[in-house]
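# Summary of structural features
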Amino acid sequence: MSKLRNRLLVAPLLAVLGLVALAGPASASGESVGGCMAELFTEAIEEAHGDVAHAAHDVAVQSALEKCFEAPSPIIPEVNEIIWGGSAFLILFVIMAKKGFPAVKGAMDARADKIRDDLDAADQAKTDAQSVKTDYEAQLADAKAESSRIINEARVTADQLKADLAVQAEASIAEMRERAAADVESSRQQAIADLRTEVASIALGAAERVVQSSLNAEVHGNLIDAYIDEVAENNG
Amino acid sequence: MANPQVAGYAEALFAVAAAEGNLAVVEDELFGFAQAIRSNDELRSTLADGNVPAGRRLQVVEDLLSGQATATTSALVSLVVGAGRAADLPAIVDAFIERSAASRNKAVATVRSAVDLSVDQRQRLAEAIKTSSGKDVEIKVVIDPTVLGGVITEIGDDIIDGSVRRRLNQLRESFR
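Before going further, it helps to examine the sheet that holds strand E2 (residues 137–143) of chain B. Read across the sheet, four strands follow the order E2-E1-E3-E4 (chain B) without closing on themselves; strand pairing throughout is mixed. Sheet topology places E2 and strand E4 (158–163) of chain B at the edges, where each strand pairs with a single neighbour. Within this sheet the neighbouring strands show an average axis-to-axis angle of 20°, counted without direction. Where strand E3 (residues 150–155) of chain B lies against E4(B), six bridges are found, and the strand directions are antiparallel. Bridged to Glu154(B) within E4(B) is Ile159(B). Against the sheet, helix H6 (residues 217–233) of chain A makes contact with strand E1 (107–113), E3 and E4 of chain B, and its axis sits at roughly 45° relative to E3(B), the strand it touches most.

Below you can see the structure in the form of structure tokens.
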């Protein structure tokens with residue numbers, strides 16, 4: 001790359017040098033208005049054999065001098081300019097053909113190859129990205145399907161759990177009701193038994209007090225006599 | 001008569017009472033004293049307490065029986081209490097009475113009643129028991145207010161309960 005860059009720098013440098021070097025002779029070959037007039041007037045003086053006034057009043061000389069004021073053709077250059085320009089062009093063309101154009105062409109080819117490689121890499125990257133995108137979309141679809149499956153399973157499990165809890169709650173409530181009913185019945189029976197015992201105790205206490213109050217000597221005697229008779233009758 | 005010490009003391013008491021010739025009186029007095037010990041926890045514990053000096057325990061016996069019992073009875077009770085057998089005195093007396101009754105070919109019928117039985121009632125009860133069980137018995141009455149009314153007769157292991165207390169208990173059971 002550095003070699004190619006050097007060639008690209010050298011080619012325009014050579015072209016500029018050529019133009020500068022060849023421009024000098026080209027400009028030197030051209031004549032000024034003064035020079036033209038001096039040359040014509042000198043020639044006219046020589047033709048007039050040294051008679052400057054004659055030469056100056058000569059109409060032909062004056063016409064020739066007037067021509068020095070006429071501009072050169074704007075289209076057709078001077079011959080020497082054509083020679084120098086053509087030579088410079090040829091030299092520059094040869095140099096460019098030998099050195100500049102191959103370097104530019106190589107640089108252009110390298111640039112084209114690089115762009116082509118970049119385009120190929122971009123296509124490959126695009127293809128890879130497309131593949132990754134496809135994989136990602138597939139994975140996303142799988143994830144969505146998996147998530148849907150998990151959600152459905154969770155929903156089914158939750159429904160089952162809810163149903164089980166409801167059944168267990170119903171069973172617990174029924175058991176609690178039965179237990180409560182049994183407790184109530186047990187308490188009722190216990191209360192009845194306690195009440196019966198209490199009533200019996202009160203009744204027996206009252207009966208005992210009545211008996212004690214009614215047990216005088218005569219009653220005691222009668223009870224003992226009755227007992228004796230009972231023992232006597234219980235023969236064997 | 002499973003306890004040999006009790007049987008031995010009963011035999012000794014019987015021998016002494018028989019020798020003194022007042023067996024029936026001694027029987028009644030010892031029977032009464034034994035019932036007093038059974039019904040009085042403080043008296044029983046005092047006479048049976050080994051920590052109480054023997055002289056003190058004998059003094060208690062003398063105080064209780066002086067003028068209330070014959071000299072023979074007092075001497076016999078003092079013998080038992082002085083020997084440290086006061087706790088066994090009721091059993092000894094029971095064995096003594098049975099031994100005494102046996103000497104007359106009779107059994108002992110312990111009669112519990114709220115009031116004392118008359119002589120006629122005792123005689124008729126003895127005849128009734130003889131009629132019903134064929135045993136010739138001597139009646140020993142224990143006054144027990146808890147009987148309320150009627151009589152409970154114990155002859156050995158046999159019990160004839162005709163008390164008002166039993167009837168009240170039956171009534172109590174019928175309520176349950």
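A few words on the domain arrangement of chain B. By convention, interface size is frequently given as the accessible area that disappears when the constituent parts associate. Residues and elements named next belong to chain B. We note that the domain assignment places domain 1 (4–100) and domain 2 (106–175) within chain B. With six residues of domain 1 in contact, the opposing surface of domain 2 contributes six residues. Here domain 1 packs against domain 2, burying approximately 530 Å² in sum over the two surfaces, 59% of which is carbon and sulfur. Its largest share of buried area at the contact with domain 2, domain 1 owes to Phe31, Gln35 and Ile97, together 63% of the area lost on that side. The interface formed by domain 1 and domain 2 holds two salt bridges in total. Applying the counting rule to domain 1 against domain 2 returns two residue pairs in polar contact (both at pLDDT 80 or more). Every element with two or more residues in the side of domain 1 that touches domain 2 is listed here: helix H2 (23–39) and helix H6 (89–103). Among the elements that make up the side of domain 1 that touches domain 2, the one with the highest residue count is H2 (four residues). Among the residues making up the side of domain 1 that touches domain 2, the classes are represented as two nonpolar, one polar and three charged.

With that out of the way, let us pick up the pattern of salt bridges. All names here are of chain B. Applying the stated criterion across every chain, the model contains 23 salt bridges over all chains. The salt bridge involving Arg99 is made with Glu11; its shortest N-O contact spans 3.0 Å. Of this pair, Arg99 sits in helix H6 while Glu11 sits in helix H1 (residues 4–20); the two residues are 88 residues apart in sequence, bridging distant segments of the chain. Residue Arg38 pairs with Asp94 through a salt bridge whose shortest N-O separation is 2.3 Å.

Turning next to the packing of aromatic side chains. Residue and element names in this part refer to chain A. All told, the structure shown has two aromatic pairs over all chains when counted by the stated rule. Ring centres of Phe89 and Phe93 lie 6.0 Å apart, and the angle between their planes is 25°; this geometry places the pair in the stacked category. Within this pair, Phe89 and its partner Phe93 are both found in helix H5 (residues 79–214), separated by four residues, close to a single helical turn. With a relative accessible area of 43%, Phe93 lands in the partly exposed category. An aromatic cluster of at least three residues, connected via ring pairs, comprises Phe89, Phe93 and Phe101.

This brings us to the pairing of E2(B). Burial of E2(B) is extensive: six of the seven residues sit out of reach of the surface. Taken together, E1(B), helix H7 (residues 119–133) of chain B and E2(B) constitute a β-α-β crossover, and its handedness is right-handed.

Of note in the backbone geometry, His49(A) takes a positive phi value of approximately 60° without being a glycine. Examined against the element boundaries, His49(A) turns out to sit in the loop between helix H2 (33–47) and helix H3 (52–57). Phi at Asn105(B) is positive, roughly 60°, even though this residue is not glycine. Here Asn105(B) lies in the loop between H6 and E1. According to the relative accessible area criterion, Asn105(B) is exposed, its value standing at 67%.

This part is about a negative patch on the surface. On the surface, a cluster of negative charge is contributed by Glu39(A), Glu43(A), Glu46(A) and Glu47(A). Accessibility expressed as a relative area gives 38% for Glu39(A), which makes it partly exposed.

Secondary-structure assignment places Gln130(A) in helix H5. Counting along the chain gives 44 residues from Gln130(A) to Gly86(A), while the straight-line C-alpha distance between them is 59 Å.

Residues and elements named next belong to chain B. By size, the foremost hydrophobic cluster in this structure holds 32 residues, and its most contacted members are Leu13, Leu30, Phe33, Leu47, Val77, Leu89 and Phe96. Mapped onto this core, the elements with two or more residues apiece are H1, H2, helix H3 (41–48), helix H4 (54–65), helix H5 (71–82) and H6. With residues near it in sequence (within four places) discarded, Leu30 still touches Leu13, Thr73, Leu76, Val77, Val93 and Phe96. Ala128, Ile129, Ile139 and Val151 belong to the second largest nonpolar core, which has 16 residues in total.

We now examine the environment of Gln212(A). Residues and elements named next belong to chain A. Following the sequence through the fold, Gln212 ends up in helix H5. What makes Gln212 partly exposed here is its relative accessible area of 43%. Between the alpha carbons of Gln212 and Thr197 there is a distance of 22 Å; along the sequence they are 15 residues apart.

Cut-off values and rules
- Residues numbered from 1 in each chain as written.
- Chains lettered and ligands numbered in written order.
- Predicted model: local features only at pLDDT ≥ 70, side-chain atom pairs only at ≥ 80, totals over all residues.
- Heavy atoms only, no water.
- Pairing = 2+ DSSP bridges.
- Helix = DSSP H or I, 4+ residues; strand = E, 2+ residues; numbered from the N terminus.
- Axes fitted to C-alpha atoms, helices over the stretch in contact; angles between N-to-C directions.
- Contact = heavy atoms within 4.5 Å.
- Domains from an automatic or database assignment.
- Buried area = accessible area lost by both parts, 1.4 Å probe.
- Salt bridge = Lys/Arg side-chain N within 4 Å of Asp/Glu carboxyl O.
- Polar contact = N/O pair within 3.5 Å; in protein donor to acceptor, adjacent residues only side chain to side chain.
- Nonpolar A, V, L, I, M, F, W, Y, C, P; charged D, E, K, R; others polar.
- Phe/Tyr/Trp six-rings, centres within 6.5 Å; stacked < 30°, edge-to-face > 60°.
- Buried < 20%, exposed > 50% of the residue type's maximum accessible area, 1.4 Å probe, protein only.
- Right-handed = clockwise from strand over helix to strand, strands pointing away.
- Patch = residues over 30% accessible without salt bridge, like charges linked within 9 Å, V, L, I, M, F, W, Y side chains within 5 Å.
- Areas by Shrake-Rupley, 256 points an atom, 1.4 Å probe, with all protein chains shown as cover.
- Lys, Arg positive; Asp, Glu negative; His and termini not counted.
- Charge placed at Lys NZ, Arg CZ, Asp CG, Glu CD.
- Core = buried A, V, L, I, M, F, W, Y, C linked by side-chain atoms within 4.5 Å.

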